[in-house]
Amino acid sequence: MTVRLYVPRDAAALALGADRVAKAFSREAETRGLDITIVRNGSRGMHWLEPLVEVETAEGRIAYGPVRPADVPALLDAGLLDGKAHPLCLGGTEEIPFLKNQTRLTFARCGVIDPLSLEDYKAHGGLRGLEKAIAMAPADIVKKVTDSGLRGRGGAGFPTGIKWKTVLDAPGDQKYIVCNADEGDSGTFADRMIMEGDPFVLIEGMAIAGLSTGATKGYVYTRSEYPHAIAVMNDAVAIARAAGMLGPSVLGSGRAFDMEIRVGAGAYVCGEETALLNSLEGKRGIVRAKPPLPALQGFMGRPTVVNNVISLASVPVVMGKGAAYYRDFGMGRSRGTIPIQIAGNVKHGGLYETAFGLTLGEIVDTIGGGTASGRPVRAVQVGGPLGAYFPRALFDTPFDYEAFAAKDGLIGHAGITVFDDTVDMLKQARFAMEFCAVESCGKCTPCRIGSTRGVETADKIAQGIEPEKNRELLADLCNTMKFGSLCALGGFTPYPVMSAMTHFPEDFSPAPMVEAAE
Ligand SMILES: Cc1cc2nc3c(=O)[nH]c(=O)nc-3n(C[C@H](O)[C@H](O)[C@H](O)COP(=O)(O)O)c2cc1C
Ligand code: SF4
């Protein structure tokens, strides 16, 4: 009987040699006359263990990692195909604490199934949400999504159901669903992991969004830096279309929805929804003034839902298991689960899906295991390049939109970047301003000019030039950018800058310049 081996095709695993590991297994199996089937799955999200190889046994899947091509002969000698012991053996995959303690709703199948097998997808609960949606009136689907408490996972946390209702109620001969898969935030990879590891869940979520709003066409807008995700999504759309999951009659419902994948040329600001729409229309990716809202006049001036990958990929579970089931997880107004992406100088980097409510300290110290360098954690940036830096003193903050906002922070796309005590927070503040200057679309003055002045002012502080005056100037500049910018690129750059100044003031008072020796 053939033995099933799982070797991820996820970009993170590929970067660590997964293709070479897969080749080593097939070569070795051929030489030894072993009957194996290699399934190229997505990642389980434990990046420090990649390439993580799993073998299917009577006792369930057994994991080994990180596996290098040179380990393969010894692993086979030790009895990997029967799940036997070896120094790289991690035991039952589902028993690894990092995985076992998660609540995987959106990522339930990621790393489990063959990403491009619709059969595998269905066998693991796929399509149930769409099947239910087909039997419902559009307004009832929207109500269910609203009742689930699902909020946009792209950054702003706007209630998904309310956005859908605006599009449903908007007059228009043609409406669109646009999936924001630009994923520009540093240290984030949840969108990529879903697209590479469970593409049908995103397609299903988009089809449900289409049925609920009357939109018949969808686009996934992603970045050229995601070649593997683009390839998997294109293949998955073709398979879904051939199977009647997309097309003129979705699953035989008589209602149409189809979609395609579009690739941007690469600009952080093209993740901002209106710049994204311009880019999708073939124009320069600059921000549009709001109103009009994209929900009323979006792609090609038509009513458009713009949602993040994770928002859309969470809809099938809401539809399949019910609004109350989803809403039951979480705290306060942050309902359901959130895929936290732990990156930077951290021991256990990867994706951890859990209900809202864990404290930042639990996430960084317990789940992340502290720094990879072994030095003390000094700062954690939450929410990408526009997110605030939190010191240890704020580690009791629960992962919740409102709790973070109350501490002048944001959750954003739930990326966490960890820094040890060697970090220079003045340099980080300068970097935030520099990033804004480089990525600014240039449409408004506070962002375009302010960010460049911010870099200069940070440099003056570093050089010890009138530090007090320049610290005041930097704070004043941040205030102008926060309240005067047209979009959140200029408007949120003050968060990393001000949090660095507030929580790490010692880094903004460089030692006075030493007099030259006589
Ligand atoms: C500069 C900037 C970059 C952004 N980048 C992204 C991104 O990469 N992905 C994303 O989903 N949202 C991004 N957003 C947020 C989007 O504008 C928008 O709020 C989101 O796509 C809405 O989807 P959601 O409601 O599902 O979160 C960005 C916003 C700004 C201001
Ligand atoms: S804040 Fe910056 S990125 Fe946003 S519209 Fe203004 S110039 Fe463009």
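Residues numbered from 1 in each chain as written. Chains lettered and ligands numbered in written order. Predicted model: local features only at pLDDT ≥ 70, side-chain atom pairs only at ≥ 80, totals over all residues. Heavy atoms only, no water.

K.L.:
What is the right way to read the site of ligand 2 from this model?
P.N.:
Taken together, 13 residues surround ligand 2, and among them Cys441, Lys443, Cys444, Cys447 and Cys487 come closest. Placement of ligand 2 is best described as lying within the largest cavity. When the residues that make up the shell around ligand 2 are grouped by side-chain class, the tally is 8 nonpolar, 4 polar and 1 charged. (Near = heavy atom within 4 Å. 1 Å grid on protein atoms, 1.4 Å probe; cavity = no way out; pocket = protein on both sides within 12 Å on 5 of 7 lines; lining within 4 Å. Sits in = over half its atoms within 2 Å of the grid points. Nonpolar A, V, L, I, M, F, W, Y, C, P; charged D, E, K, R; others polar.)

K.L.:
Explanation requested: unusual backbone geometry in the structure shown.
P.N.:
Backbone geometry follows two general trends: most residues other than glycine have a negative phi, and most peptide bonds adopt the trans configuration. Note that the residue after Gly65, namely Pro66, is joined by a cis bond; omega there is -10°. Tracing the backbone through its elements, the reader meets Pro66 in the loop between β4 (60–64) and α3 (72–78). Pro291 follows Lys290 through a cis peptide bond whose omega is 0°. For Pro291, the position within the fold is in the loop between α12 (273–280) and β9 (304–308). Of note in this structure, Met300 is not a glycine but carries a positive phi near 55°. In this fold, Met300 is placed in the loop between α12 and β9. (Helix = DSSP H or I, 4+ residues; strand = E, 2+ residues; numbered from the N terminus.)

K.L.:
Looking at this structure, how should I read the nonpolar core?
P.N.:
Considering soluble globular proteins, one finds that nonpolar side chains tend to be buried as a cluster. One finds Trp164, Leu202, Ile203, Met206, Val220 and Met259 to be the most contacted residues of the largest nonpolar core, which totals 63 residues. Counting residues per element, this core draws most heavily on helix α10 (residues 199–213), at 9 residues. Here Met259 is in contact with Ile203, Met206, Lys217, Gly218, Val220, Met233, Val237, Arg241 and Leu246, once residues within four sequence places are set aside. Residues Ile338, Phe356, Phe390 and Val418 belong to the second largest nonpolar core, which totals 33 residues. (Core = buried A, V, L, I, M, F, W, Y, C linked by side-chain atoms within 4.5 Å. Buried < 20%, exposed > 50% of the residue type's maximum accessible area, 1.4 Å probe, protein only. Contact = heavy atoms within 4.5 Å.)

K.L.:
What exactly am I supposed to notice about the site of ligand 1 here?
P.N.:
Around ligand 1, the surrounding shell holds 19 residues, and the nearest of these are Gly154, Asn180, Asn307, Asn308 and Ser311. Within the backbone of Asn308, a nitrogen or oxygen atom sits 2.8 Å from an oxygen atom of ligand 1. More than half of the atoms of ligand 1 fall within 2 Å of the grid points belonging to the largest pocket. At the level of elements, β9 and α21 (488–492) are the ones that each hand at least two residues to the shell around ligand 1. When residues of the shell around ligand 1 are assigned to their parent elements, the largest contribution, 3 residues, is made by β9. Of the residues belonging to the shell around ligand 1, the class tally is 4 nonpolar, 9 polar and 6 charged. (Polar contact = N/O pair within 3.5 Å; in protein donor to acceptor, adjacent residues only side chain to side chain.)

K.L.:
What is the right way to look at the packing of aromatic side chains in this model?
P.N.:
Within a pair of aromatic rings, the relevant descriptors are the distance that separates the centres and the angle that separates the planes. Here the structure, examined in full by the defined rule, presents 14 aromatic pairs. Summarising the aromatic geometry, the rings of Tyr325 and Phe329 are spaced 5.5 Å apart at their centres and angled 80° between planes, so their arrangement reads as edge-to-face. On the accessibility criterion, Phe329 (22% relative accessible area) is partly exposed. We note Arg61 situated over the ring of Tyr6; from NZ or CZ to the ring centre the distance is 3.5 Å. (Phe/Tyr/Trp six-rings, centres within 6.5 Å; stacked < 30°, edge-to-face > 60°. Lys NZ or Arg CZ within 6 Å of the ring centre and 35° of its normal.)

K.L.:
What am I meant to see in the side chain of His413 here?
P.N.:
Within the secondary structure layout, His413 lies in the loop between α17 (401–406) and β16 (415–420). Within the local environment of His413, its side chain forms a polar contact with the backbone oxygen of Arg153, the two atoms lying 2.8 Å apart. Residues contacting His413, with those up to four places away along its chain left out, are Arg153, Gly154, Gly155, Glu183, Asp185, Thr188, Ala190, Asp191, Asn308, Ile310, Pro339 and Gln341.

K.L.:
Could you clarify how one ought to interpret the packing of helix α7 (residues 138–148) against α10 in this entry?
P.N.:
With their axes 7 Å apart at the nearest point, α7 and α10 run at an angle of 125° to one another. In terms of orientation, α7 and α10 fall into the oblique class. On α10, the residues touching Pro138, Ile141 and Val142 of α7 are Ile208, Leu211 and Ser212. Considered class by class, the residues forming the contact of α7 with α10 number 5 nonpolar, 1 polar and no charged. (Axes fitted to C-alpha atoms, helices over the stretch in contact; angles between N-to-C directions. Parallel < 35°, antiparallel > 145°, perpendicular 65-115°, else oblique.)

K.L.:
Explanation requested: the packing of α7 against helix α8 (residues 160–169) in the structure shown.
P.N.:
Think of two packed helices as two axes; the pair is described by the angle between the axes and how far apart they sit. Direction vectors running N to C along α7 and α8 enclose 160°, while the axes themselves pass 7 Å from each other. Relative to α8, the element α7 lies roughly antiparallel. In the crossing of α7 with α8, the sense of the turn from one axis to the other is left-handed. In this structure, α7 uses Pro138, Ala139, Val142, Val145 and Thr146 to contact α8, whose residues at the interface are Thr160, Gly161, Ile162, Trp164, Lys165 and Leu168. The residue makeup of the contact of α7 with α8, split by class, is 7 nonpolar, 3 polar and 1 charged. (Left-handed = near helix turned anticlockwise from the far one by under 90°.)

K.L.:
Got a minute to help me understand the environment of Ile38 in this structure?
P.N.:
Topologically, Ile38 is positioned in strand β2 (residues 36–39). Classification of Ile38 by relative accessible area gives partly exposed; the value is 25%. For Ile38, the contacting residues outside a window of four places in its chain are Leu5, Val7, Ala22, Phe25 and Ser26.

K.L.:
Explanation requested: empty space enclosed by the protein in the structure shown.
P.N.:
A probe as big as a water molecule, rolled over the atoms, marks out the empty space that is left. Under the counting rule described, the total for this entry stands at 1 cavity of 30 Å³ or more. Size it by volume and the largest cavity reaches roughly 80 Å³. Lining the largest cavity, in full, are Val287, Ser440, Cys441, Gly442, Lys443, Cys444, Cys447, Ser485, Leu486, Cys487, Leu489 and Gly490. (Points joined across faces, edges and corners; volume = space filled by probe spheres on them.)

K.L.:
I tried to follow the sheet that holds strand β8 (residues 258–264) on my own but got confused; where do I start?
P.N.:
The strands making up a sheet associate through backbone hydrogen bonding, with each pair oriented either parallel or antiparallel. Read from one edge of the open sheet, 4 strands run β8-β7-β6-β9, paired in parallel fashion. Each having just a single partner strand, β8 and β9 make up the two edges of the open sheet. Strand after strand, the sheet turns through a mean of 20° between neighbouring axes, direction not considered. Bridge count for strand β6 (residues 176–181) against strand β7 (residues 217–223) is 6 bridges, and the pairing is parallel. For Ile177, the partnering residue across the bridge sits in β7 and is Gly218. In this fold α10 packs onto β6, β7, β8 and β9, with an angle of close to 150° to the strand it touches most, β6. (Pairing = 2+ DSSP bridges.)

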